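Listed here are the chains, written in short residue letters.
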Amino acid sequence: MNTTTVKILFKLFSGVDVITSTEYLPIVEISVAETERMMKQDADDSDIRLCYLAAALANYRCRQILCAQDRTEVTYAGKMSRTDHDISLEYAEKLFRDYLHLCEDIIKSTDFVFMAFAAGEGENDA
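What counts and how
- Residues numbered from 1 in each chain as written.
- Predicted model: local features only at pLDDT ≥ 70, side-chain atom pairs only at ≥ 80, totals over all residues.
- Heavy atoms only, no water.
- Phe/Tyr/Trp six-rings, centres within 6.5 Å; stacked < 30°, edge-to-face > 60°.
- Helix = DSSP H or I, 4+ residues; strand = E, 2+ residues; numbered from the N terminus.
- Buried < 20%, exposed > 50% of the residue type's maximum accessible area, 1.4 Å probe, protein only.
- Core = buried A, V, L, I, M, F, W, Y, C linked by side-chain atoms within 4.5 Å.
- Contact = heavy atoms within 4.5 Å.
- Axes fitted to C-alpha atoms, helices over the stretch in contact; angles between N-to-C directions.
- Parallel < 35°, antiparallel > 145°, perpendicular 65-115°, else oblique.
- Left-handed = near helix turned anticlockwise from the far one by under 90°.
- Nonpolar A, V, L, I, M, F, W, Y, C, P; charged D, E, K, R; others polar.
- Expected span 1.5 Å × (residues − 1).
- Arc of directions from axis to C-beta.
- Polar contact = N/O pair within 3.5 Å; in protein donor to acceptor, adjacent residues only side chain to side chain.

## Observations concerning the packing of aromatic side chains
Now for step 1: According to the stated counting rule, one finds four aromatic pairs in the structure shown.
Now for step 2: A centroid spacing of 6.1 Å and a plane angle of 5° characterise the contact between Tyr60 and Phe96, whose relative ring orientation is stacked. With a gap of 36 residues between them, Tyr60 in helix α3 (residues 48–69) and Phe96 in helix α4 (residues 82–102) connect regions that are remote in the sequence. Like Tyr60, the residue Phe96 is buried in the burial classification.
Now for step 3: Members of the aromatic cluster, joined through ring pairs, are Phe13, Tyr52 and Tyr99.

## Examining the nonpolar core
Now for step 1: Phe10, Tyr24, Leu53, Phe96 and Ile107 are the most contacted members of the largest nonpolar core, which totals 31 residues.
Now for step 2: Elements with a contribution of two residues or more to this core: α1 (3–14), α2 (25–38), α3 and α4.
Now for step 3: Tallying contributions element by element places α3 first for this core, with 11 residues.
Now for step 4: Residue contacts for Leu53: discarding those within four places in its chain leaves Thr35, Met38, Phe96, Tyr99, Leu100, Cys103 and Ile107.

## A word on the packing of α1 against α2
Now for step 1: The interhelical angle for the contact between α1 and α2, taken along N-to-C directions, is 120°, at an axis separation of 11 Å. Overall, the two elements α1 and α2 adopt an arrangement that is oblique. In the packing of α1 onto α2, the handedness of the crossing is right-handed. Residues Val6, Lys7 and Phe10 of α1 lie in contact with α2, whose contacting residues are Leu25, Val28 and Val32.
Now for step 2: Looking at the contact of α1 with α2 residue by residue, the classes come out as five nonpolar, no polar and one charged.

## A few points about α1
Now for step 1: Between its first and last C-alpha atoms α1 spans 16 Å; for 12 residues at 1.5 Å apiece the expected length is 16 Å, and the two agree.
Now for step 2: Buried residues of α1: Val6, Leu9, Phe10, Phe13 and Ser14, and no others. Here the buried residues of α1 occupy an arc of 115° about the axis, which is enough to place them on one side. Counted as exposed and oriented over 90 degrees from the buried face of α1: Ile8 and Leu12.
Now for step 3: Looking at where α1 begins, the residue whose side-chain oxygen comes 3.0 Å from the main-chain nitrogen of Thr4 is Asn2.
Now for step 4: Looking one or two residues past α1, Gly15 carries a phi angle of roughly 85°, positive in sign.

The following block contains the structure:
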């Protein structure tokens, strides 16, 4: 996976330039490492989709941090709305999930659905 490409895509998704501002560089690096752990053993590590996935994950993590830092309410004085942050986090999550779906053939499955039935449900007690 090309880390430079991930940094460029992260800038596209988040608006933060990690090449000139190294403040968010650890987020990009940990997202690349996490994406590499998601890969199947037989997956091609040069697949460009992995760069998009890592950048989307870094953007999602960045939004989580920003939302955690400022949780102020909207006031008459004009403080920042926490719903603006919530919306940006929601869209970052949707973007990340879209890239997870795009990469589902080269990454390990992370979503499981567990279903349980109550005793006797669906049975006909006649």
